[in-house]
Amino acid sequence: MENEKQHIGEEKQHIGQLFDRIAGTYDGLNHLLSLNIDRRWRRKAVGKLAEVRNQKSDISLLDVAIGTADLTIELLRQNKAAHVTGIDLSRQMMTIGQKKVAQHGYSDRVRFDYGSAQQMPYADESFDTVTCAYGVRNFANMDEGLSEMYRVLRHGGELMILEFSYPTNPLIRWGYDLYFTHILPFIGNLFSRDKGAYSYLNRSVKNFPYGEAFCEHLRAAGFTQIKATTLTFGISTVYTAEK
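The following refers to the structure shown. Note that this is a predicted model, so its numbers are computed, not measured.

## So, the overall build of the protein chain
Here's step 1: Of regular secondary structure, the protein chain possesses nine helices and seven strands.
Here's step 2: Considering only contacts within the protein chain whose residues lie at least 6 apart along the sequence, 75% involve residues at least 24 apart.
Here's step 3: A total of about 11,600 Å² of accessible surface is found on the protein chain, and carbon and sulfur atoms cover 51% of it.

## Let's talk about the packing of helix α3 (residues 37-47) against helix α4 (residues 70-77)
Here's step 1: Axis separation between α3 and α4 bottoms out at 10 Å; the angle between their running directions is 50°. If you check the angle between α3 and α4, you find them oblique. In this structure, α3 crosses over α4, and the sense of that crossing is right-handed. Residue-level contacts link Arg42, Arg43 and Val46 of α3 to Asp70, Leu71, Glu74, Leu75 and Arg77 of α4.

## Re the pattern of salt bridges
Here's step 1: In total, this model carries 13 salt bridges according to the counting rule given.
Here's step 2: Across the pair glutamate 74 and arginine 77 runs a salt bridge whose closest N-O atoms are separated by 2.6 Å. Taken together, the residues span about one helical turn, with glutamate 74 and arginine 77 both in helix α4 at a distance of three residues.
Here's step 3: Close ionic contact of glutamate 148 with arginine 151 constitutes a salt bridge, the shortest N to O distance being 2.7 Å. Taken together, the positions of glutamate 148 and arginine 151, both in helix α6 (residues 142-152) and three residues apart, correspond to about one turn of that helix.
Here's step 4: Judged by its relative accessible area of 11%, glutamate 148 is buried.
Here's step 5: We classify arginine 151 as partly exposed; its relative accessible area is 22%.

## Observations concerning the side chain of threonine 237
Here's step 1: Tracing the backbone through its elements, the reader meets threonine 237 in strand β7 (residues 236-242).
Here's step 2: A polar side-chain atom of threonine 237 sits 2.7 Å from a polar atom in the side chain of serine 165.

## Things to note about the nonpolar core
Here's step 1: Counting 33 residues, the largest nonpolar core has Trp41, Met160, Leu162 and Phe164 as the members making the most contacts within it.
Here's step 2: Elements that contribute at least two residues to this core include exactly α3, α4, α5 (91-103), β3 (110-114), β5 (153-164), α7 (170-192) and α8 (195-206).
Here's step 3: Setting aside residues up to four positions removed in sequence, methionine 160 forms contacts with Ala45, Val46, Leu49, Leu71, Val130, Thr131, Cys132, Val238, Tyr239 and Thr240.
Here's step 4: Formed by 27 residues, the second largest nonpolar core is a distinct cluster that contains Leu62, Val64, Met149 and Phe223.

## Topic: the sheet that holds strand β2 (residues 83-88)
Here's step 1: Sheet architecture is open: seven strands sit in the order β3-β2-β1-β4-β5-β7-β6, paired in mixed fashion. In this open sheet, the two edge strands, each paired with only one partner strand, are β3 and β6 (224-231). Across this sheet, the average inter-strand angle for adjacent strands is 15°, counted without regard to direction.
Here's step 2: Sheet topology places β6 next to β7; six bridges connect them, and they run antiparallel. Among the inter-strand pairings, alanine 228 is bridged to a residue of β7, identified as tyrosine 239.
Here's step 3: Across the face of the sheet, α5 comes into contact with β2 and β3 while running at roughly 175° to β3.
Here's step 4: Of the strands in this sheet, β5, β6 and β7 are in contact with helix α9 (residues 212-221), which crosses β6 at around 155°.

So, how was this worked out
- Residues numbered from 1 in each chain as written.
- Predicted model: local features only at pLDDT ≥ 70, side-chain atom pairs only at ≥ 80, totals over all residues.
- Heavy atoms only, no water.
- Helix = DSSP H or I, 4+ residues; strand = E, 2+ residues; numbered from the N terminus.
- Contact = heavy atoms within 4.5 Å.
- Areas by Shrake-Rupley, 256 points an atom, 1.4 Å probe, with all protein chains shown as cover.
- Axes fitted to C-alpha atoms, helices over the stretch in contact; angles between N-to-C directions.
- Parallel < 35°, antiparallel > 145°, perpendicular 65-115°, else oblique.
- Left-handed = near helix turned anticlockwise from the far one by under 90°.
- Salt bridge = Lys/Arg side-chain N within 4 Å of Asp/Glu carboxyl O.
- Buried < 20%, exposed > 50% of the residue type's maximum accessible area, 1.4 Å probe, protein only.
- Polar contact = N/O pair within 3.5 Å; in protein donor to acceptor, adjacent residues only side chain to side chain.
- Core = buried A, V, L, I, M, F, W, Y, C linked by side-chain atoms within 4.5 Å.
- Pairing = 2+ DSSP bridges.

Scope: geometric values only; no functional claims are made or implied.
In structure tokens:
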């Protein structure tokens, strides 16, 4: 187990390069492998944030690990921010994200920054809302990343994190393990020619402290009003909190 964690830690040191390698097939495989349920997860997660409507018109949002901008597009579609700043360590993922944002007519409302979630180039209390979808488990140091999110969030601001978790139902858990351990890496290798990247996905999910364990990390970072809502038998969880 200790060797497994060390291996994952080493992979996270080069996480930007890993996602650069699979950027071209990332979206298509995500939707295929999740049977498009990932779109529903994002909709539900974004729906838990307060509406921009009837609030100040210049509300700003930081999308950490913006990647190909699926979450950002949903945030703007649901009117959760006037402007979104995104940060990521994969330039290739963000290049695809920029094209998608342009196709939706949001180019003037989204900014892409290259950088680490653990050392973000933003002043204290810069954003009204901070979000992150399927990125926290990839931080080389999760607690440093959460502390940075807390630092850049304004007092009274919202945090929303969407991340994989582990089903508690034994039958669902068995199928989940089978899928993530064998089927997902096989299909990932077939389409992206990078089995290692999709094997990493399986390992990173298994080693992520989901549920109450993750809520404890959020409390340690200083967040309050923490809630965890499971989706689709516990395969994903939405975490919301305030500063």
